[in-house]
Amino acid sequence: MTDTAKGTRLAEVGRVAVTVADQDRALDFYVGTLGFEKRADIPFGDGHRWIEVGPAGAPTGIALVLPREGGQGPGYETGIILTSEDIDVDHATLRSRGVDTDPEVQRWGAPVPPMFSFRDGDGNALMVVENG
């Protein structure tokens, strides 16, 4: 962490939020279908829940949040990019589990890594990029 006269004490991206219509359904998708770990499921306020998931061992998590009044609802391009060690295997695995993925892995050639997108049950799009 750096503390400078011009900077802040912001140190890392801890989590990103994905707006979902049904937190239980989203939790089942991210944990049951994608294989993420559930990091938090904590009730708060008047019937609200704070839910976080993420790939095992990854420092950044995803918060599954309900839409705020006047805020963006589910069904958008999240900007989240997940890393895959074997993109072809992950693409085939997600398709076999019924996940709405791009029909095939996109291969643009160097320096762009192979990639594909998929959508969760609310239509939120996430991208997968091969590490390497």
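Everything below is about the structure printed above this text.
Since the structure is predicted, the reported quantities are computational estimates derived from the model, not experimental observations. (Residues numbered from 1 in each chain as written. Predicted model: local features only at pLDDT ≥ 70, side-chain atom pairs only at ≥ 80, totals over all residues. Heavy atoms only, no water.)

Turning next to empty space enclosed by the protein. If you walk through the whole model with that rule in mind, you get 1 cavity of 30 Å³ or more. Taken as a whole, the largest cavity spans an internal volume of roughly 30 Å³. Lining the largest cavity, in full, are Val20, Arg25, Ala26, Phe29, Tyr30, Asp120, Gly121 and Asp122. Broken down by class, the residue content of the lining of the largest cavity amounts to 4 nonpolar, 1 polar and 3 charged. (1 Å grid on protein atoms, 1.4 Å probe; cavity = no way out; pocket = protein on both sides within 12 Å on 5 of 7 lines; lining within 4 Å. Points joined across faces, edges and corners; volume = space filled by probe spheres on them. Nonpolar A, V, L, I, M, F, W, Y, C, P; charged D, E, K, R; others polar.)

A few words now on the pairing of strand S5 (residues 77-84). The two faces of a sheet get side chains in turn, since along a regular strand they alternate between them. Burial of the side chains of S5 is restricted to one face: Thr78, Ile80, Leu82 and Ser84 are buried, whereas none of Glu77, Gly79, Ile81 and Thr83 on the reverse face is. Bridging between S5 and strand S8 (residues 125-130) involves 5 bridges; their strand directions are parallel. Within S8, the residue paired with glutamate 77 across the bridge is alanine 125. (Buried < 20%, exposed > 50% of the residue type's maximum accessible area, 1.4 Å probe, protein only. Helix = DSSP H or I, 4+ residues; strand = E, 2+ residues; numbered from the N terminus. Pairing = 2+ DSSP bridges.)

Taken together, the side chains of Ile42, Phe44 and Trp50 define a hydrophobic patch exposed on the protein surface, amounting to about 280 Å² of accessible area. By secondary structure assignment, the location of isoleucine 42 is in strand S2 (residues 37-44). Assessed through its relative accessible area of 47%, isoleucine 42 is described here as partly exposed. (Patch = residues over 30% accessible without salt bridge, like charges linked within 9 Å, V, L, I, M, F, W, Y side chains within 5 Å. Areas by Shrake-Rupley, 256 points an atom, 1.4 Å probe, with all protein chains shown as cover. Salt bridge = Lys/Arg side-chain N within 4 Å of Asp/Glu carboxyl O.)

On to the packing of aromatic side chains, then. For the structure shown, the criterion picks out 3 aromatic pairs. Ring geometry for phenylalanine 29 against tyrosine 30: centres 5.2 Å apart, planes inclined by 85°, an arrangement best described as edge-to-face. For phenylalanine 29, a relative accessible area of 12% puts it in the buried group. Plain terms: the ring middles of phenylalanine 29 and phenylalanine 118 are 6.4 Å apart, the flat faces sit at 40° to each other, and that makes the pair tilted. Residue phenylalanine 29 is located in helix H1 (residues 23-33), and its partner phenylalanine 118 is located in strand S7 (residues 115-119); the two are separated by 89 residues in the primary sequence. Across the pair, phenylalanine 118 and phenylalanine 29 agree in class, each one buried. (Phe/Tyr/Trp six-rings, centres within 6.5 Å; stacked < 30°, edge-to-face > 60°.)

This part is about the sheet that holds S8. Reading across from one edge, S5-S8-S7-S6 is the order of the 4 strands in this open sheet, with mixed pairing throughout. The sheet is open, and its two edges are formed by S5 and strand S6 (100-101), each paired on a single side. Relative to S7, S6 runs antiparallel, the two sharing 2 bridges. Note on S7: the bridge partner recorded for threonine 101 is phenylalanine 118. Contacts from helix H2 (residues 87-96) reach S5, S6, S7 and S8, with the element oriented near 20° to S7. (Contact = heavy atoms within 4.5 Å. Axes fitted to C-alpha atoms, helices over the stretch in contact; angles between N-to-C directions.)

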